[in-house]
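Architecture and fold: a report
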Amino acid sequence: MERRTGQAATGHQRLSQRDMEIVRAIHMFDELDPKVVDRLVEHATVESADSDRLLFSAGDPADRFYIVLTGRVRLFALTAQGKQTTISFIEAGFSFAEGAIFGMRFLPVNAEVCAGTRLAQIPRDPFVSQLMSEPDLTFKMLAALARWQSRLIDAVTELKTRSPSQRFAAVLLSLTDRVSGPADVPLPISKSALANRIGIAPESLSRVFVRMQGLGVTVEGSTIRISDVTMLREHCLQAGDAA
Amino acid sequence: MSSLVYAEPESDVLARLKHIAPFVALRTEDMLSLLAVARPAVATPGTVLPSNGPGGKVLYVLLEGSVCLMRSLPKGQRCLVEICDAPCLIGEIALFDEQSSLAVAEVLHRAIVVELPAEIVRRCFRNSPAAQLRMLGYMSARLKRLIAQITTLKLMTGPQRLAQFLITLAERGGNGHGLHLPFDKRTLAALLGMTPESLSRAFRRLLQLGVHTAPGGDVTVDDLERLRQFLEAETLN
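Residues numbered from 1 in each chain as written. Chains lettered and ligands numbered in written order. Predicted model: local features only at pLDDT ≥ 70, side-chain atom pairs only at ≥ 80, totals over all residues. Heavy atoms only, no water.

**Thoughts on helix α2 (residues 28–37) of chain B**
All names here are of chain B. Among all positions in α2, only Asp30, Met31, Leu34 and Leu35 are buried. Taken down its axis, α2 places every buried residue within 140 degrees of arc, on the same side. Pointing more than 90 degrees away from the buried face of α2 are the exposed residues Leu32 and Ala36. Along its buried surface, α2 packs onto α1 (13–17), β8 (104–117) and α4 (118–126). (Buried < 20%, exposed > 50% of the residue type's maximum accessible area, 1.4 Å probe, protein only. Helix = DSSP H or I, 4+ residues; strand = E, 2+ residues; numbered from the N terminus. Arc of directions from axis to C-beta. Contact = heavy atoms within 4.5 Å.)

**Quick notes on the sheet that holds strand β11 (residues 218–221) of chain B**
Residues and elements named next belong to chain B. One open sheet accounts for three strands, arranged β9-β11-β10; its pairing is antiparallel. With partners counted over all chains shown, the strands left at the sheet margins are β9 (178–180) and β10 (211–214), one partner each. Taking each pair of neighbouring strands and ignoring which way they run, the sheet shows an average axis angle of 25 degrees. Sheet strands touched by helix α6 (residues 158–173): β9, β10 and β11. Its angle to β9, the strand with the most contacts, is close to 105 degrees. (Pairing = 2+ DSSP bridges. Axes fitted to C-alpha atoms, helices over the stretch in contact; angles between N-to-C directions.)

**Considerations on the interface of chain A and chain B**
With 49 residues of chain A in contact, the opposing surface of chain B contributes 48 residues. Each partner contributes to the roughly 4,400 Å² buried at the junction of chain A and chain B, and carbon and sulfur atoms together form 67% of this total. Among the residues chain A hides against chain B, the three largest losses belong to A:Phe139, A:Gln149 and A:Lys160. Together they make up 17% of the total. Here chain A and chain B share four salt bridges between them. Here A:Asp154 makes a salt bridge to B:Arg71, at a shortest N to O gap of 2.8 Å. If you look at where chain A meets chain B, you find 13 residue pairs in polar contact (both at pLDDT 80 or more). Of all the secondary structure elements, the ones that give two or more residues to the side of chain A that touches chain B are β6 (84–91), β7 (95–96), α3 (98–103), α4 (124–133), α5 (135–161) and α7 (191–198) of chain A. (Buried area = accessible area lost by both parts, 1.4 Å probe. Salt bridge = Lys/Arg side-chain N within 4 Å of Asp/Glu carboxyl O. Polar contact = N/O pair within 3.5 Å; in protein donor to acceptor, adjacent residues only side chain to side chain.)

**Focus on the layout of surface pockets**
Space inside the second largest pocket adds up to approximately 820 Å³. Residue lining of the second largest pocket: 31 residues in total, with A:Thr161, B:Leu73, B:Gln77, B:Arg78 and B:Cys79 positioned closest to the centre. Going through the elements one at a time, α5 and α9 (229–237) of chain A together with β5 (56–72), β6 (78–85) and α7 (185–191) of chain B are the ones with two or more residues in the lining of the second largest pocket. In terms of residues, the lining of the second largest pocket owes the most to one element, α5(A), which gives five residues. Considered class by class, the residues forming the lining of the second largest pocket number 13 nonpolar, nine polar and nine charged. (1 Å grid on protein atoms, 1.4 Å probe; cavity = no way out; pocket = protein on both sides within 12 Å on 5 of 7 lines; lining within 4 Å. Points joined across faces, edges and corners; volume = space filled by probe spheres on them. Nonpolar A, V, L, I, M, F, W, Y, C, P; charged D, E, K, R; others polar.)

**Details of the pattern of salt bridges**
Scanning all chains against the criterion turns up 29 salt bridges over all chains. Measuring nitrogen to oxygen at the nearest pair gives 3.0 Å for the salt bridge that ties A:Arg53 to A:Glu47. Take A:Arg53: its relative accessible area is 9%, and that puts it in the buried class. A residue is classified by how much of its surface remains accessible, and A:Glu47, at 4% relative accessible area, is buried. Between B:Glu225 and B:Arg228 there is a salt bridge, with its nearest N and O atoms 2.9 Å apart.

**Section: the domain arrangement of chain B**
Residues and elements named next belong to chain B. Assigned domains of chain B: these are domain 1 (5–131) and domain 2 (154–236). Contacts between the two partners involve six residues from domain 1, matched on the other side by six residues from domain 2. Of the roughly 450 Å² buried between domain 1 and domain 2 on both sides combined, carbon and sulfur atoms contribute 70%. On the domain 1 side of the interface with domain 2, the three residues burying the most area are Leu80, Ile83 and His109, jointly 70% of the side's total. One salt bridge connects aspartate 85 with arginine 172, and the closest N-O pair in it is separated by 3.9 Å. (Domains from an automatic or database assignment.)

**Some words on the pairing of β10(B)**
All names here are of chain B. Here β10 pairs with β11 via four bridges, running antiparallel. Paired with histidine 212 across the bridge in β11 is threonine 220. Two successive antiparallel strands, β10 and β11, enclose a turn made up of three residues, where glycine 216 displays a positive phi of approximately 90 degrees.

**Regarding the packing of helix α6 (residues 164–174) of chain A against α7(A)**
All names here are of chain A. Where α6 meets α7, the axes come as close as 9 Å, and the angle between the chain directions of the two elements is 115 degrees. Overall, the two elements α6 and α7 adopt an arrangement that is roughly perpendicular. The handedness of the crossing between α6 and α7 comes out as right-handed. Touching Pro164, Arg167, Phe168, Val171 and Ser174 of α6 are Leu194, Arg197 and Ile198, all from α7. Looking at the contact of α6 with α7, its residues break down into five nonpolar, one polar and two charged. (Parallel < 35°, antiparallel > 145°, perpendicular 65-115°, else oblique. Left-handed = near helix turned anticlockwise from the far one by under 90°.)

See the structure below:
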């Protein structure tokens, strides 16, 4: 595995308009005006990886943070026996290592960038200087993180307390104004996006559709027919199991 | 129901407060004003930390012990979202976004907490950009833990989630073979998003991978590497 060459790494480019859209949409910047975000990250550059390689190691200086533009990054630690243990994968649209630049001088974990991944790397010093000079910005970012934390707690609750068919039913109920009787609901997203939304593998979706038939829900093209909205709501309220 | 038992304000637990991230970066005068209103307390298991104190909303700093963070559900039930171990903050969402609904915090293991009025904490942080940055780092890390949990719930089966929990427990304890569950199986099932019956099935599945359970919460893992391979192989697909 190749090691990054630090600030002198070749191939760094400025961010494109499409890249900036991804950067502006990360959780931390949710409450900020897009122009403010552009100013905060004006020193950002793109780093691309042609092959799997080590991006940084635990103990390296925390002098920048990253946003995944495409592809993914694996964060991992080393066990006492020297084995790698994956902590998490960071997918496109998410940031990493920002906790370290705000609080620590050194990175606490290792990161491996997967082949084909593009990253926005944002140098710490100009970013932090801007924040230090405008405390209102930091408070807005804290508000955004607090709001996201609350939303994610809701998402965890939903995943833990409802079965996949109950989560699917909840999506359908959110798409209709009917409170009883039959309803036709246009499916506004692809089946793979639907699977992601309810938290199952795409290949498991057909099993959920079979389960839904027993609850009077059928699929006709891109329309979903609900025979009885009341029955669907009652199914949602039963105790579930995410396993 | 158990309740908080407040200690004397001059208790030495206050001295520990200033070493907790993100308070380390507060200005000295702000830290002193916080210490002047801080209320240290001891809480036994089962105690629910009240989200409102005498002067309004409160922030808790958990110095010792652990708490279950739960979301209230219709019909009076609660969902266990995560278990937070000391040192950590409880109720920090309300500091920066008063509209967000609050989670309920119930003490799992005997806890020492410091109760702080949210309004005064907010004022102290307004005075210190450096402390705000520390708080950003703290809240980013908290967000990442929740995202990781959502990924786990979406992508892993029950046995995989249990395997991941046991691997983490083993790595924290530095002992790959003999483990002791830090809480009862009902709490573990809730933490992993399973019913107790599903957890039993998951343990039966892991028995084939050399995970043995004994009464009292003792667990033996014959081969931790085998458990890691089971997790990694399934997760990467």
